[in-house]
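The primary structure of each chain is shown beneath.
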Amino acid sequence: MKELAETGVDIFRAKELLETGELVGIPTETVYGLAANALDALAVAKIFQVKDRPSFDPLIVHIASFAKLNAYVREIPQWAEQLAEKYWPGPLTLVLPKHDSIPDIVTSGLDTVAIRVPNHSLTLELLAQLAFPLAAPSANPFGFISPTTAQHVLDQLGPKISYVLDGGPCTVGIESTIIGEVEGETTILRFGGLSQEAIESVIGPVRIQVQHTSNLLAPGGLESHYAPRHPVRLGTGVPEGFDLDRIAALRFTTPLAGIPHGNQRVLSPKGDLVEAATNLFAALRDLDKLDVDLILAEPVPNLGLGRAINDRLKRASAKY
């Protein structure tokens, strides 16, 4: 059996592996990514293989700065420039017409590419050292809970990759917000770490088209996604027919009466949606390790980052 990936903070080790077509786990402010040279179709194909990811689900490309954007997209609309100027580096992904340098495997054959500048010092330093951008979806098997620490990457992909750049726990903890154009309208395609309100404060009202189909315009749009092994049900009350000791509860601010304390995780006792988003995936991962029959997840207020949290919970519960 192959040994687990090596972990550390050696940027030059990560650079060497990426330059030879290997995969590296990288930290970002949102979640850990599984990175490959975005201009090398064979390297990118390894991402799909290791993650067992459908080829019709496009990847996000990571670049070092806004100045690099022109090399990989054909045009930059005014709305995109305004948002990048305000929120890059940060949890914002722009979907723009792609340059021919981006292989079709990265975009799943689409004429657009999802691209962002991550807000993590180690990964920004790595990107600055590379002569190419990085394609990097979340560093986990496809459809499972996204990783927010290097250990999470090791737990799920450890024997399948060579190195994980350990940048500590992710500070945002939920994937980036994705925005592009649909029928000429600026449109949020996935809720994430940057709120709708923050976007609209810069460019005005936007359209919402968060996808739940396999006809994807942006990454992470499948109906069933971010799923634990245990079934997840959305709700605030205990469903009939279940033993209370066999239920785990994911709660926003307060535990649920009747459920064992050890079977519960509270995202933010003070009701802070930013803190809740940061803790979401780690809490789901903890609950999924328990010997239970069901995870009962409480929706959070549907505003700001709450929209992204509820989106992830809805996708995690889609199979139930």
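Look up a bit, the structure's there.
Before going into details, it helps to say that this report is about the structure given with it. Just so it is clear, the structure is predicted and the values come from calculations on it, not from any experiment.

Here we take up the pattern of salt bridges. Throughout the structure, instances matching the rule amount to 18 salt bridges. For Arg307, the salt bridge identified is with Glu197, shortest N-O distance 3.0 Å. You can see Arg307 sitting in helix 9 (residues 306-316) and its partner Glu197 sitting in helix 7 (residues 196-203), a full 110 residues away along the chain. On the basis of relative accessible area, Glu197 is assigned to the partly exposed category, the value being 36%. Of the charged contacts, one joins Asp286 and Arg265 as a salt bridge, the two residues approaching to 3.5 Å between their closest N and O atoms.

In this section: the packing of helix 3 (residues 78-87) against helix 7. Where helix 3 meets helix 7, the closest approach of the two axes is 9 Å, and the angle between their N-to-C directions is 120°. Classed by the angle they form, the pair helix 3 and helix 7 counts as oblique. The way helix 3 lies across helix 7 gives a crossing that is right-handed. On helix 7, the residues that touch Trp79, Gln82, Leu83, Lys86 and Tyr87 of helix 3 are Ala198, Ile199, Ser201, Val202 and Ile203.

Moving on, we come to the sheet that holds strand 13 (residues 247-251). Pairing within the open sheet is parallel, and its 4 strands lie in the order 12-15-13-14. The sheet is open, and its two borders are formed by strand 12 (232-234) and strand 14 (264-266), each paired with just one other strand. The sheet shows a mean angle of 15° between the axes of neighbouring strands, taken without regard to direction. Strand direction decides the pairing type here: strand 13 and strand 14, joined by 3 bridges, are parallel. The partner of Ala249 across the bridge, within strand 14, is Gln264. Of the strands in this sheet, strand 13, strand 14 and strand 15 (294-297) touch helix 8 (residues 273-288), which is tilted by about 170° from strand 13.

The rules we used
Residue numbering note: each chain is counted from 1, following its sequence as written. Given that the model is predicted, a residue must reach a pLDDT of at least 70 before its local features are reported, and side-chain atom pairs must reach 80 or more before they are shown or counted; all residues, however, enter totals for whole chains, interfaces and linings. The side-chain figures draw on all heavy atoms in the structure; neither hydrogens nor water molecules are used. By definition, a salt bridge exists where a carboxyl oxygen of Asp or Glu is found within 4 Å of a side-chain nitrogen of Lys or Arg. What counts as a helix is a DSSP run of H or I of at least four residues, what counts as a strand is a run of E of at least two, and both are numbered from the N terminus. Exposure classes here rest on a 1.4 Å probe applied to the protein chains alone. A residue is buried below 20% of its type maximum, exposed above 50%, and partly exposed in between. What counts as an axis is a line fitted to C-alpha atoms, over the stretch in contact for a helix, and the angles between N-to-C directions run from 0 to 180 degrees. For this classification, under 35 degrees means roughly parallel, over 145 means roughly antiparallel, 65 to 115 means roughly perpendicular, and everything else is oblique. In this scheme the handedness of a crossing depends on how the near helix is turned from the far one: anticlockwise by less than a right angle means left-handed, clockwise means right-handed. Between two residues, a contact is recorded if the distance between any of their heavy atoms is within 4.5 Å. DSSP calls a pair of strands paired once it identifies at least 2 bridges connecting them.

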